[in-house]
Amino acid sequence: METSLIPRSLGQPGLLSDIRAFLAVVRREWTIFTRYPSWIIALFIWPLIFPMMYILTARALSGPDESGLAVFIATTGATDYIGYIIVGTTVWMWQNIVLWDVGFALRNEQMRGTLESNWLSPTWRFSYLLGQTGPQIVSMAMFIGVTALEFGILFGVRLNGNPWMIGLMMLAAIPAIYGLGFAFASLVITVKEANTFVFLIRGMVMIFCGITFPVAILPAWMQSFAKWLPQTYLIHGMRAAAFSNAGVNELLPDLIPLLSFGGFWLIVGYFTFLWMERRARKTGAIGQY
Amino acid sequence: MSQFAVEAHQLVKKFPARPGTGDKNPSPPSPLPEGEGRRGEGKKKRWQFWKKEPKATFTAVSGVDIQIQRGEIFGLLGPNGAGKSTTIRMLCTLLEPTSGTAHVNGYDIVRQANDVRRSLGTVLAGERSIYWKLTGRENLEYFAALYHIPPAVAKKRVDELIERMELKDRANELVEKYSTGMRQRVAIAKALLARPPILLLDEPTLGLDPQAARNLRELIATLKQEGHTILLTTHYMEEADQLSDRIGIIDTGRIIALDTPEGLKRRIEQKEIIRLEVSGWQAYIGEKLLALQEVENLVAHRQAEADMWEVSMQATDSRTVLPKLMESISQNGTRLVNMNIVKPSLEDVFIHLTGKALRD
Ligand SMILES: Nc1ncnc2c1ncn2[C@@H]1O[C@H](COP(=O)(O)OP(=O)(O)OP(=O)(O)O)[C@@H](O)[C@H]1O
Ligand SMILES: [Mg+2]
């Protein structure tokens, strides 16, 4: 081994190095993810359980001859009430899982003690958060794929639309959903009681965004509030794409607000991160758990 | 390039006081000379409607000055809660000082934080600083990328360090299956990855068995020979004594003495240390002994055994003290079991400086 008297650093700063560091975070996260085998079970069970609750409730309420369903179809315009419900519940689960996975990504590392050792390196710090998002999106895509598959097989739910349009809606939702996750991830590092926000946010999505019903049945004030939640547009747009064969033009009224909220939440997420980083350097929060 | 590897000037770190929980320091809160629970100056009046109490602060480090030469091993020695880790955390840019400045490898720790990070290899909280769900090798490859080492160089460097840290046989096993000593070696390999000129080691031998601790101390000595500057913290006297070129003794956030190990010991060279093992020790005996002109810095420790005490004191002339000592001890069921007269160690220097023992 080389022994020079003043060691010369092997590091080579530069954009390429920062990209490689980012990819290393992605790879690390993926490797660790695959080493917890329980996710496979979760992947097959969870997509069924949560929507089932609503589907069974819907069945019970629709009466023995299912006459109630006619009313539901009339108010929602949906022909397939199961498909209608699973779009809503899937969006809710997506946001919920992102809040836990991405939201607690840094917090978990803080508790394990590895956050500080990452922070010690000269890597762009937002990479640590951004890098965890890659594997999360992949696992989420699997989750949504399994949902579609399971309900297709078990309940005969069929898409009546262009899968690419559904994909487009989901893609457009990524900035908003993950931006919120970033903001949240930064908050839980310094504000220990931030868990409450998860319950607040998912509660709001559950009630305001119409996960199992059309927003139109809400009182006026709730409807105007729903306009401020990006998930409302995502659910509406996905239903249109999946069951009414909507094209890009019909989806624009949902796509545009969704992307605008996405930009907004990404910026909020990034600045919350910067704020947290600064604050942590003052209070020492990174090293506490 | 600056003359010093590490240079700190009047570093101060105040934390917001923790409400309720108080310190994580297990010893009872001693009234500090200053700082402790001191109220901040308070925000401007016009913010009052927001109802923000002026924040109470806790001073963990209060005015530390250090200058570490290139190629030197500098030991920061102090009891729990003295501010060792806080000082290291400021130097490695995890914490921003409340006031004061510091340069590492010539770079300002606040304004040139990334250059500081490139110059440093830091070991904090040893085994907790690596990923247990990754193998030793995966850990090192991951951190090599974070330290911006080009892949081809990184591969060689990781192999080299795995070999050197004697991890070769198990490099492809998950870290969760390693022993504490092996994890610590991975953590140190991680700090060495980018071959940084300066190493900061926070209690590197904490929790290691004696053999592993000895090996690690040998490694640290070798690293110095290879040209690394090393700042290490410890609350083991022997470790600081054996490894360090110079030692700073830190207590309640201040450096109270800074010298070579020999220089520190010379300060109380003319003194002798009398160590006693006593059963049935009474506090009043201590007071009586301290009243003697020749005796100072008496410290009594209850031992694990029922009523055995270890008592040590510094005496200017043991010959005149001994008769008086025997006389006052063999009374009221107090019994002398063992006695030694020894040369001062660093521990005694610490007691001399602070009037309290380093470890409780
Ligand atoms: N983030 C923090 N917020 C509030 N107080 C803190 C924080 N970090 C450390 N302290 C307090 O500052 C003091 C100094 O802590 P520090 O960790 O620097 O001590 P140390 O010398 O490393 O001791 P140890 O031997 O226990 O590691 C302690 O009383 C500790 O409780
Ligand atoms: Mg410490």
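Owing to the predicted nature of the structure, the values given are computational and were not obtained by experimental measurement.

**Section: the packing of aromatic side chains**
Next, step 1: By the definition in use, this model includes 24 aromatic pairs over all chains.
Next, step 2: Aromatic side chains Trp-94 of chain A and Tyr-178 of chain A sit 6.3 Å apart centroid to centroid with 65° between the ring planes, which places their arrangement in the edge-to-face category. Here the residue Trp-94 of chain A occupies a position in helix H4 (residues 81-101), and Tyr-178 of chain A occupies one in helix H8 (residues 163-190), the gap between them amounting to 84 residues. In this structure, Trp-94 of chain A and Tyr-178 of chain A share a single accessibility class: buried.
Next, step 3: An aromatic cluster is present here, built from Trp-119, Trp-124, Phe-126, Tyr-128, Phe-182, Tyr-270, Phe-271 and Phe-273 of chain A joined pairwise through their rings.
Next, step 4: Between the NZ or CZ atom of Arg-183 of chain B and the centre of the ring of Trp-132 of chain B, over which it lies, the distance is 3.8 Å.

**A short note on the pairing of strand E6 (residues 120-123) of chain B**
Residue and element names in this part refer to chain B.
Next, step 1: Of the two faces of E6, the one holding Leu-120 and Thr-122 and the one holding Gly-121 and Val-123 are both buried throughout.
Next, step 2: As paired strands, E6 and strand E7 (residues 198-202) are joined by four bridges and run parallel to one another. Along E7, the bridge assignment pairs Thr-122 with Leu-200.

**Digging into the domain arrangement of chain B**
Next, step 1: Domain annotation for chain B reports domain 1 (4-19 + 56-263) and domain 2 (270-343).
Next, step 2: With centres defined by C-alpha atoms, the gap from domain 1 of chain B to domain 2 of chain B works out at 39 Å.

**Remarks on the site of ligand 1**
Next, step 1: Around ligand 1 sit 18 residues in total, of which Gly-81, Gly-83, Lys-84, Ser-85 and Thr-86 of chain B are the nearest.
Next, step 2: Per-site note: the chains with residues close to ligand 1 are chains A and B.
Next, step 3: With respect to ligand 1, the backbone of Lys-84 of chain B contributes an N or O atom lying 2.8 Å from an oxygen atom.
Next, step 4: At a separation of 3.3 Å, an oxygen atom of ligand 1 approaches a polar side-chain atom of Glu-203 of chain B.
Next, step 5: Starting from 630 Å² of accessible surface for ligand 1 in isolation, the protein chains cover 88%.
Next, step 6: Those elements giving two or more residues to the shell around ligand 1 turn out to be strand E2 (57-69) and helix H1 (84-91) of chain B.
Next, step 7: Take the shell around ligand 1: its biggest share by element is three residues, from H1 of chain B.

**Some thoughts on the environment of Val-205 of chain A**
Residue and element names in this part refer to chain A.
Next, step 1: Locating Val-205 in the fold gives a position in helix H9 (residues 195-208).
Next, step 2: As a C-alpha pair, Val-205 and Lys-282 span 77 residues in sequence and 34 Å in three-dimensional space.
Next, step 3: When neighbours within four sequence positions are excluded, Val-205 is seen to be in contact with Trp-92, Gly-210, Ile-211 and Gln-231.

Conventions used here
Residues numbered from 1 in each chain as written. Chains lettered and ligands numbered in written order. Predicted model: local features only at pLDDT ≥ 70, side-chain atom pairs only at ≥ 80, totals over all residues. Heavy atoms only, no water. Phe/Tyr/Trp six-rings, centres within 6.5 Å; stacked < 30°, edge-to-face > 60°. Helix = DSSP H or I, 4+ residues; strand = E, 2+ residues; numbered from the N terminus. Buried < 20%, exposed > 50% of the residue type's maximum accessible area, 1.4 Å probe, protein only. Lys NZ or Arg CZ within 6 Å of the ring centre and 35° of its normal. Pairing = 2+ DSSP bridges. Domains from an automatic or database assignment. Near = heavy atom within 4 Å. Polar contact = N/O pair within 3.5 Å; in protein donor to acceptor, adjacent residues only side chain to side chain. Areas by Shrake-Rupley, 256 points an atom, 1.4 Å probe, with all protein chains shown as cover. Contact = heavy atoms within 4.5 Å.

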